[in-house]
Amino acid sequence: MHFLAVLAFIAATSPGAQQPAPADSARSESTPTAVTPTPDQKHFLDGLRTASRGIAQLKDGLSRVSRSQAGHDETSRRRAGRFLAGLCGSARAFLARGRPQMRVSAYEDSAGVKARRLTSQIDSLIAYMPACEQAAGATPVPVAADLTKRLKTYDAALRDFRVAAGLPVRPDSSPAGRRQ
């Protein structure tokens, strides 16, 4: 008899516990609404994504040069310098392909100002790439130092743009991958 009473109690309480939460709960209010980018803004971001591939290549070349400086092998230093020179050429192609898509008129107010600053940093990197290609093979350390300064300025402009445009902010534009 005691068994039937326990079974009846469990059966009576189980359906009530499985009822869904009311539709007007606070959960629906706490979810942020995502702003859908306009077609021009999407075009701008697609160009930025293409240009970021070039930035990632430059960072890979810089990491190779810095790793080669840790060793005492002159051959690996020269190889890293030549590799950086080649990556400067490849990065220039990605930067030059992505930059025309980045029309600053897609953004207004402070985001437009930050977009202009970002595009000017990309233009500066594009202009520096021929010098990087020429000098990195012979003197990779000074080229790497100059390129590092330029990329830090680019990263700051990218971070400011992402904040102004309401996009998620990452600590670095595209961290260099680890290659061995």
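Everything in this summary refers to the structure shown in the same document. (Residues numbered from 1 in each chain as written. Predicted model: local features only at pLDDT ≥ 70, side-chain atom pairs only at ≥ 80, totals over all residues. Heavy atoms only, no water.)

Regarding the packing of helix H3 (residues 39-70) against helix H5 (residues 109-136)
A packed helix pair is summarised by two numbers, namely the angle formed by the two axes and the spacing between the axes.
Then, in step 1: Relative orientation of the contacting elements H3 and H5 amounts to 40 degrees, with a least axis distance of 12 Å. By the angle class used here, H3 and H5 are oblique. As H3 runs across H5, the sense of the crossing is left-handed. Of H5, the residues touching H3 (which contributes Phe44, Leu48, Ala51, Ile55 and Leu58) are Ala115, Leu118, Thr119, Ile122, Leu125 and Met129.
Then, in step 2: The residue makeup of the contact of H3 with H5, split by class, is ten nonpolar, one polar and no charged. (Axes fitted to C-alpha atoms, helices over the stretch in contact; angles between N-to-C directions. Helix = DSSP H or I, 4+ residues; strand = E, 2+ residues; numbered from the N terminus. Parallel < 35°, antiparallel > 145°, perpendicular 65-115°, else oblique. Left-handed = near helix turned anticlockwise from the far one by under 90°. Contact = heavy atoms within 4.5 Å. Nonpolar A, V, L, I, M, F, W, Y, C, P; charged D, E, K, R; others polar.)

Let's talk about the packing of H3 against helix H6 (residues 140-165)
Then, in step 1: Where H3 contacts H6, the two axes come as close as 10 Å, and the packing angle between them is 145 degrees. Classified by chirality, the crossing of H6 by H3 is left-handed. Taking contact as the criterion, the partners of Phe44, Leu45, Leu48, Ser52, Ile55, Leu58, Lys59, Leu62, Val65 and Gln69 in H3 are, on H6, Pro140, Val141, Ala144, Leu147, Thr148, Leu151, Tyr154, Asp155, Leu158 and Phe161.
Then, in step 2: When its residues are assigned to classes, the contact of H3 with H6 shows 15 nonpolar, three polar and two charged.

Some words on the state of the cysteines
Then, in step 1: In the structure shown here, the tally under the stated rule is one disulfide.
Then, in step 2: Through a disulfide, Cys88 is tied to Cys132; the S-S separation comes to 1.8 Å. Here Cys88 is found in helix H4 (residues 74-98), whereas its partner Cys132 is found in helix H5, with 44 residues between them in sequence. Summarising the burial analysis for this pair, Cys88 and Cys132 share the class buried. (Disulfide = S-S within 2.5 Å. Buried < 20%, exposed > 50% of the residue type's maximum accessible area, 1.4 Å probe, protein only.)

Considering H4
Then, in step 1: A rise of 1.5 Å per residue sets the reference length of H4, with its 25 residues, at 36 Å; its end C-alpha atoms lie 36 Å apart and thus fit the reference within 8%.
Then, in step 2: Between the side-chain oxygen of the N-cap and the backbone nitrogen of Thr75 there are 3.3 Å, and the N-cap of H4 in question is Asp73. (Expected span 1.5 Å × (residues − 1). Polar contact = N/O pair within 3.5 Å; in protein donor to acceptor, adjacent residues only side chain to side chain.)

Here we look at unusual backbone geometry
Then, in step 1: In this model, Asp109 sits at a positive phi of 55 degrees, which is unusual for a non-glycine residue.
Then, in step 2: Within the secondary structure, Asp109 is located in helix H5.
Then, in step 3: Note on Asp109: relative accessible area 68%, which makes it exposed.

Focus: the pattern of salt bridges
Then, in step 1: One pass over the structure, following the stated rule, counts nine salt bridges.
Then, in step 2: For Asp60, the salt bridge identified is with Arg64, shortest N-O distance 3.6 Å. Of the two residues, Asp60 and Arg64 both sit in helix H3, four residues apart, roughly one turn of that helix.
Then, in step 3: A residue is classified by how much of its surface remains accessible, and Asp60, at 9% relative accessible area, is buried. (Salt bridge = Lys/Arg side-chain N within 4 Å of Asp/Glu carboxyl O.)

Regarding the nonpolar core
Then, in step 1: One finds Phe44, Leu48, Leu118 and Leu147 to be the most contacted residues of the largest nonpolar core, which totals 34 residues.
Then, in step 2: Counting only elements with at least two residues in this core, the list comes to H3, H4, H5 and H6.
Then, in step 3: If one sorts the elements of this core by residue count, H5 sits on top with nine residues.
Then, in step 4: Not counting residues within four places of it along the chain, the set of residues in contact with Leu48 comprises Met102, Leu118, Ile122, Tyr154, Leu158 and Phe161. (Core = buried A, V, L, I, M, F, W, Y, C linked by side-chain atoms within 4.5 Å.)

Quick notes on the packing of aromatic side chains
Then, in step 1: Under the definition given, this model contains three aromatic pairs.
Then, in step 2: On the numbers, 5.3 Å between centres and 80 degrees between planes, the contact of Phe44 with Tyr107 is edge-to-face. Here Tyr107 lies in the loop between H4 and H5 and Phe44 lies in helix H3, a separation of 63 residues in the sequence. For the pair Phe44 and Tyr107, a shared accessibility class is recorded, and that class is buried.
Then, in step 3: Consider the rings of Phe44 and Phe161, whose centres lie 5.2 Å apart with planes at 45 degrees: the pair is tilted. Within this pair, whereas Phe44 is found in helix H3, its partner Phe161 is found in helix H6, the two being separated by 117 residues in sequence.
Then, in step 4: Judged by its relative accessible area of 0%, Phe44 falls in the buried class.
Then, in step 5: The class of Phe161 is buried, set by a relative accessible area of 0%.
Then, in step 6: An aromatic cluster is defined as three or more aromatic residues linked by ring pairs; in this entry it consists of Phe44, Tyr107 and Phe161.
Then, in step 7: Between Arg64 and the ring centre of Phe83, over which it is positioned, the NZ or CZ distance is 4.0 Å.
Then, in step 8: The lysine or arginine in question, Arg150, covers the ring of Tyr128, its NZ or CZ lying 4.1 Å from the ring centre. (Phe/Tyr/Trp six-rings, centres within 6.5 Å; stacked < 30°, edge-to-face > 60°. Lys NZ or Arg CZ within 6 Å of the ring centre and 35° of its normal.)

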